Each structure stands twice: as C-alpha cells, then as structure tokens.
Amino acid sequence: MTISLPSPTAPLLEGGEPQDAAITTLSISGMSCASCVGRVERALQAVPGVSRAAVNLATERATVTAEECLASDLLVAAVAKAGYEARALKTAGSRKAAEDGDNRRAAERKSLARAFWIAAVLTLPLFVLEMGSHVSPALHGWIMEEIGIRQSRMLQFLLASAVLFGPGLRFFRHGLPALFRLAPDMNALVVLGTTAAWAYSTLSTFLPERLPAGTDHVYFEAAAVIVTLILLGRLLEARARGRTSQAIRRLASLQAKSAEVMRDGGFREVPLAEVQLGDTLRIRPGARLPVDGTVVDGSSFVDESMISGEPVPVEKTPGDRVVGGTVNTTGSFTFRATHVGEETLLAQIVSLVEDAQGAKLPIQTLADRVTAWFVPAVIVVAAVTFLAWLLLGPEPALPFALVNAVAVLIIACPCAMGLATPTSIMVSTGRAAELGVLFRKGESLQTLSGVTQFAFDKTGTLTEGRPRLTDIVTASGVDEDRALVLAAAVEQASEHPIARAIVTETLERGIAVPPSSHFAALPGLGAEAMVEGQSVMIGADRALAARGLDLTPFEAEARRLAAEGCTPVYLAVDGRAAAMLAVTDPIRPEAAAALAALRAQGVSLAMITGDNRVTAEAIARRLGIERVMAQVLPSGKLEAIRSLQQKGGPVAFVGDGINDAPALSAADVGIAVGTGTDVAIESADVVLLQGNPLGAARALAISRATLANIRQNLFWAFAYNVVLIPVAAGLAYPAFGLMLSPVLAAGAMALSSVFVLANALRLRRLTP
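On a predicted model such as this, the values are computed, not experimentally measured, just so you know. (Residues numbered from 1 in each chain as written. Predicted model: local features only at pLDDT ≥ 70, side-chain atom pairs only at ≥ 80, totals over all residues. Heavy atoms only, no water.)

**A word on the overall build of the chain**
For clarity, the cut-off: To qualify as a helix, a DSSP run of H or I must reach at least 4 residues; to qualify as a strand, a run of E must reach at least 2; elements of each kind are numbered from the N terminus. Buried residues are those whose accessible area, probed at 1.4 Å on protein chains only, stays under 20% of the maximum for their type, while exposed residues exceed 50% and partly exposed ones sit between those limits. By the convention used here, residues are in contact when the closest approach between their heavy atoms is within 4.5 Å. For accessible areas, the Shrake-Rupley method is used with a probe of radius 1.4 Å. Any residue's cover is judged against the shown protein chains and nothing else.
In terms of helices and strands, the chain carries 28 helices and 25 strands. Within the chain, the proportion of its 768 residues that are buried is 54%. Relative to all contacts within the chain whose residues are 6 or more apart in sequence, the contacts with residues 24 or more apart total 70%. Accessible surface computed for the chain: about 31700 Å², of which carbon and sulfur atoms make up 59%.

**Describing the sheet that holds strand 19 (residues 567-573)**
Heads up, the rule is: Only strands joined by at least two bridges in the DSSP assignment are considered to pair. Only the contacting stretch of a helix is used when fitting its axis, a line to C-alpha atoms as for every element, and angles between N-to-C directions run 0 to 180 degrees.
Sheet architecture is open: 6 strands sit in the order 15-20-19-18-17-16, paired in antiparallel fashion. Looking at which strands have only one partner, the edges of the open sheet turn out to be strand 15 (468-474) and strand 16 (517-522). Adjacent strand axes in the sheet meet at a mean angle of 20 degrees, parallel and antiparallel pairs treated alike. Across 4 bridges, strand 18 (residues 534-539) lies against strand 19 in antiparallel orientation. Counted as the bridge partner of Ile-538 is Leu-571 from strand 19. Against the sheet, helix 17 (residues 480-491) touches strand 15, strand 16, strand 17 (526-531), strand 18, strand 19 and strand 20 (576-584), its axis set at about 80 degrees to strand 18. Across the sheet, helix 20 (residues 555-563) is in contact with strand 15, strand 19 and strand 20; its angle to strand 20 comes to roughly 15 degrees.

**Re the pattern of salt bridges**
Threshold: Should a side-chain nitrogen of Lys or Arg be within 4 Å of a carboxyl oxygen of Asp or Glu, the pair is scored as a salt bridge.
Evaluated as defined, the whole model comprises 15 salt bridges. Lys-316 is the salt-bridge partner of Glu-304, the closest N and O atoms lying 3.0 Å from each other. Residue Glu-304 is found in the loop between strand 8 (292-303) and helix 10 (305-308), and its partner Lys-316 is found in strand 9 (residues 314-316); the two are separated by 12 residues along the sequence. Relative accessible area serves as the criterion here: at 3%, Lys-316 is assigned to the buried category. Salt-bridge contacts for Arg-509 lead to Glu-505; the nearest nitrogen and oxygen are separated by 2.9 Å. Looking at Arg-509, the relative accessible area reads 35%, which means it is partly exposed. The exposure class of Glu-505 is buried, given its relative accessible area of 18%.

**Remarks on the nonpolar core**
For clarity, the cut-off: For this analysis, a nonpolar core means a set of buried residues of the types Ala, Val, Leu, Ile, Met, Phe, Trp, Tyr and Cys, connected via side-chain atoms within 4.5 Å.
Leu-44, Leu-448 and Phe-454 are the most contacted members of the largest nonpolar core, which has 130 residues in total. In terms of residues, this core owes the most to one element, helix 26 (residues 694-729), which gives 14 residues. Once residues lying within four places of it in the same chain are set aside, the contact partners of Phe-454 are Leu-448, Leu-598, Val-603, Ser-604, Leu-605, Ala-606, Ala-652, Val-654, Ile-671, Ala-696 and Leu-700. Judged by nonpolar contacts, the second largest core, of 42 residues, contains Leu-522, Val-536, Ala-558 and Val-569.

**Some details on the sheet that holds strand 24 (residues 669-673)**
Read from one edge of the open sheet, 7 strands run 13-25-24-23-14-21-22, paired in mixed fashion. Edge positions in the sheet fall to strand 13 (437-439) and strand 22 (627-629), since each of these pairs with one other strand and no more. Adjacent strand axes in the sheet meet at a mean angle of 20 degrees, parallel and antiparallel pairs treated alike. Alignment of strand 24 against strand 25 (residues 686-688), held across 3 bridges, turns out to be parallel.

**Let's talk about the UniProt feature "transmembrane region" (unreviewed entry) in the chain**
Stated precisely, the cut-off is as follows: UniProt positions are given in the numbering used here, feature names are shortened, and annotations may be inferred rather than shown by experiment.
Residues annotated by UniProt as "transmembrane region" (unreviewed entry) correspond here to residues 115-134, 154-172, 218-236, 370-392, 398-421, 714-733 and 739-761. End-to-end, the C-alpha atoms of residues 714-733 are 28 Å apart, and along that stretch the chain is 85% helix and 0% strand. The straight-line gap between the two end C-alpha atoms of residues 739-761 is 33 Å; of that span, 87% is helix and 0% is strand.

**With respect to the packing of helix 26 against helix 28 (residues 742-761)**
A pair of packed helices is characterised by two quantities: the angle between their axes and the separation of those axes. In plain terms, the rule: The cut-offs work like this: below 35 degrees is roughly parallel, past 145 is roughly antiparallel, 65 to 115 is roughly perpendicular, and the gaps in between are oblique. For this classification, Asp, Glu, Lys and Arg are treated as charged, while Ala, Val, Leu, Ile, Met, Phe, Trp, Tyr, Cys and Pro are nonpolar and the rest, including Gly, are polar.
Interhelical geometry of helix 26 versus helix 28 gives an angle of 170 degrees and a closest axis separation of 9 Å. If you check the angle between helix 26 and helix 28, you find them roughly antiparallel. Counted together, Asn-709, Gln-712, Asn-713, Trp-716, Tyr-720 and Leu-724 of helix 26 and Ala-745, Ala-748, Met-749, Ser-752, Phe-755, Val-756, Asn-759 and Ala-760 of helix 28 form the full contact between these two elements. Taken together, the residues of the contact of helix 26 with helix 28 sort by class into 9 nonpolar, 5 polar and no charged.

Below, the structure is given as structure tokens:
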C-alpha cells in the first residue's frame, strides 16, 4: 500500500497568500467565550505582517498566516496585551504535542474540580441558612432563636466572601482587566453580577440604614451559588472538551516512543526523537514501527489497519515500503528510515486533522458578528433593566431592579455560541480520520454538504487501476507476438496503467522487450517511438484516425470488446494499422456500493474519462452512473468540471492521477484517493486514506451530519439567549408574575454550554 501526503513543513497556502508566508500555530489560554475569540483574532491581525488569523475556542489554538520573517514572540506579545496567554507550538502532530496538550487540560480540570468542591462546601451552609428559612418555618424559627438574624447575615457574608474571593477569584483575574480595557467578556459578566449581589448584601448587612426602608435584603446565597454553578459548568465543559479530542490522542498514541537503531556496528534502543533519515532500524515481532521506511532485509506481515482499514496483515519483503505506527506481526526485519519526525505519514495525518479541527467555517460568520457586540449589549440591557425596575417596578423597587439586572448579566453568556461550531468540527474531523477520511481543509466540511453532483475519474478510482491485457487482434500478415513486442517497446517508457498492462503481458510471456528511441508521448492519445528501425505508434482510435489510418478491419471486434468494458488501443507500424489490443481494468468490488450510497444521499453521478465512449458507457451502466463524459483529454477535465457546475450546481470530483490535479482544484470539493499521486493529493480538499470510493460516500455523510449538528448547536445557543434574556429582564412579570432568579440563571447558563458540547459529542458515534 502506498499513501503520500503533502509535507507539513511546506503547507499549501490557501486564499491567495504570498508564497513567502508562514503559518504559525499558537496555544491560547484564558479564553472563556466567543467574545474572547474575537479579541484575540483582532489582536493578532493588528500585528504588522499578519495576513490572517483564526482562533478556535474548542481547541484553544490560533492559526496565524504571516510573513516568513515575523517572529512568534510578536504574536505572543500581542495576545498578552489583549489579556490572554499564548505560546508557539513547534511540535504539532507529534505524540509529545498531544501529551503536552493532555497534561495542560488535565491540570485545568484538576484546578476546576478543586475550586468547585471548595465552593460547593462553602455554599451549602450558606444556601441552607438563607433559602432554608424561606422553605421551612421551623428552620427559620431555629435560626432566629439560636443564631439571630444579624449573626446569620454575618456568617453568610463570611461564607460568600470566601467563595467569591477564593474559588471565584479566577473570574476577577480575567474579568476586571477586561472591564478596564473596555473589552468585557463572560468573566466580566460574572464579576459584575456576583459583585453587585455581594456588594448590595454587604451594604444591607453592615449599613442597612443607608438603604430605603424595607429594601435591606441580602443575596449572599445568589452570589455564592452563581460562582459554584458556573464552576460546575466549566468543569463539565472541560471534561466534555477532553472527549472531543480523543481521536487526536488515539492517533498520536500510535507513535512509538523508541526505536532499535544501528549504532556503532550494533542495534541499540534510542528515543524516537534521535532517529535520523537514512538510519537502519530493526523491528521485532509485535512491535510498532517507529518511522516510515523501506525494508532492507527480512520479511514479515504488517498490520496496516490503522491506515488502510483492512484487517488482513500485508506481507513485507525487501524493497517494500512500511509506515510508522503500523504493527509488525510475526517476523522480524530491518528497514531504512525514509521519513522521520513530522515527515512521517502518521505525523502528517495528525497534523492535517489538527488543522481541520482548528478551521473556521463560513457558517460561523454569523455567530462571530453577533458576539462582537453581544457582551457590551448585555451590559447595556442589564443597565436598562435596573433603571426600568427602579423607576417603574413595584415596591420595594431597588431589590427587584438588582435581582433582574444580575439575572440578565448571568444568563447572557456567549459560551454556547463560541463552542457551537468548533466542537462539532473537532469531533467530526476526528471521527472522519478514524474512518479513513481526512479533511485537509476544514472549510470543505461545509462546502461538501452542499454538493449536488459527484464526478469520478475512472481508472484507479472506480477501477482497480491495474489493467490486464485480454485480447490481441492483428491485421492480416501480422504476428501476434511481434505486435505485442512493438507495443511493449513503446509503452515501456510510459507510466500509464494501460502501458504497464501491455509490458507486463509481454514479460509474462517470456519475450524480451527491445529498446526504443525518439519516444514522444501524445497526452490523452497515446505514444510513438522508433523500434528496431520501424516507426511505431500506439494509442486510441482517434489518434490513429487523425493520422489517416484505416481501422475498419477492427471495428466489429472493437465494438464487442468495448461493450464488455474493455478498452481497445491500436498499434500502427510504419504508417499502417497493425493490431488492436484490448485491455480491461476490473471494477473495484466496493465501487457499486459506494455509488449506491451516494445516490441514496440525493446526489447525481458522473464519470469523466479519457476512455472511448462505448467502454465508458458499458462501465457506467454496470455502476448505475447517469452521465458519462468520455474521450476527455487531461486538459479537458477542467472544462468538464466547469460544465457540470454550470448545469447542475456544486461538484465534488474524485480522482487519483496526476492528470486529475486540475480537475481536483477546479471542483468545489476535490477528493483524492489516498493511494494516488502526491500531486493529486496536494490538489485535493479531502483525502481518502483507504483508496476506497466508499470513502467519498462517508465524507458526504460526515459533512452533512456535521453541518446539521452545527445548526442545532447554533439554534440552541441563539434561542437560549433570545428567549431567556427577556425573561431574566422581567418582561414576563407584568403578565405572568414570572421572574428568573439569578441562581436559576447561573444554572441555565452553565447547562447551555454543556448541552452544546454533549450534542457535538454525538458525532463520535457517527457510522455513515
């Protein structure tokens, strides 16, 4: 199995970026909501030399496209000035990078868990003191008799202060600087809401005479419960986020930690980082291959299921390629390292998945526009709510105004909006990688969901790409073996699958192939050369017809063979049609199921091939393809894609060859079969690692499921705020007597983010 992916050290720049641009990935900490994302992006984009910056709340990463010479320290400083912490990532795609990320997230979860439990222990007696007395007259009487109202309030003050300025101090550390910079975020909303409730309660406790008569109420329990519930929400959110990146961790865990390398005449175990290009390594039975390479000595069977998805181990003998991360089974062999570090296939796969997970889809634009002004707008709404209740509300107006303003501040957290898109992308791209589908560009997730047509290259995509010669029909007086030898002499210089089939048949018959000279390829038509003093041309019927050669003697047999799915090619010697050779390329066993799965998803199917029309239509009938574009030259595939786009809407093109690269680039979504060429893969948006057309149907199903999941998340995030902010402001009170407690607001706010994450995590079970 041969799979090639573009090197991560030389990424293909998108969006027309200058060729001397570089992409830097930063790890960002301190972000809590979608507003934070916008501020970090604006801070990075303000750095001279930066052309683009995209920040992902779920992955806590920023991808920056900037001039090659721009130092990452400038980017880190810009993020710090905006109030967040950043560090440049230099080992993306590696096991160490995954472990570092896991350790950081584990430390964050541990810190949140500790803060939550401390807050919960301090809040429980506070809640019982205040709310219990409202629920139980007996408890109220006991508190009045045994503790006293003033002592009860003093105790509540101490407990609430311990919660706010202990476990809740993290909100002040981020929220106050954001307020001072006039760039409030979710932490600022929490600080404003809890501080207002705490300060009012403190005034009621120590200076009740300064308040209007009958308004000296306390809301210590609200401030403490809000902090506790938000900490619980963040803890649940952090745990859910950890599950969204499980695919990356599983992929990274496939990397070996060490390797047996030839050093000073013997093999010794060294850390993986010390393996160098060209090193000779030994692999034992049951061991995981540390890097990519070529077998030098020995043989074995290697389990490549992590790449191919095929459970049957593949035999490896000298000269065969092996892939790091795969598992040796029974034998032992030595191999030479051809790709190490970030150049290995596994590291590139992890890197591509990380890139896709960090992408920002067009659908997120609306959320970004809303959150740009959302938090300031919420503060304005809270201020208007306070004034409206103070001026128009029933007596005592001041407590009503305070409670509703605090509820507005707490309920209106934009976390769910910030997490709606990136969490779905993270989970779906990770799941896609497990299914052998790599989204090289995250944007293709959205684009693919709207595709209405799938166009396929034939050879190597729908067929196995290993044609074999089935028939030779010669003209009168021409020897069959001589015709085969002349054809093979020309074709031995060609890499075309039909050429290889002819050469292979010649060698299998034990016939020596003579050298050729003056070889000239005729793109999409054939080739010609001089062989043993004779001018030999081999190619499609249109190539020989263009030279004025008569192919009438072969017409009947050509039609019969073409109807059976064979491709006829013609041989001309010294300006005379000498033979017709029929080559067949077996259809992939899974091709029919793949196309049926695509039809079931409502897309139309087309096939673009350079084959003759009769052969192409015969294969199309067997596979149920509605539209056939045959006898298309390599240069014509581009026009074929544009024609489909004009007539039927967005097109996904699936191909594997060098001549497919223009079509892959021109299609709305280019899908490259992973067993194809580097050029085809670098031109594609999606790579099917298993070389299986079923992957195209999986990619479409994953794309549509992801977009549906994102729409659900965005609907919930927006609907939550649209419905509950008016309720929190008290608009339902005049008609229904309904008010939203700040405590309930805190619980609802925490649950909104958890709901979005839980919904995104459903994609982990996606089985297209």
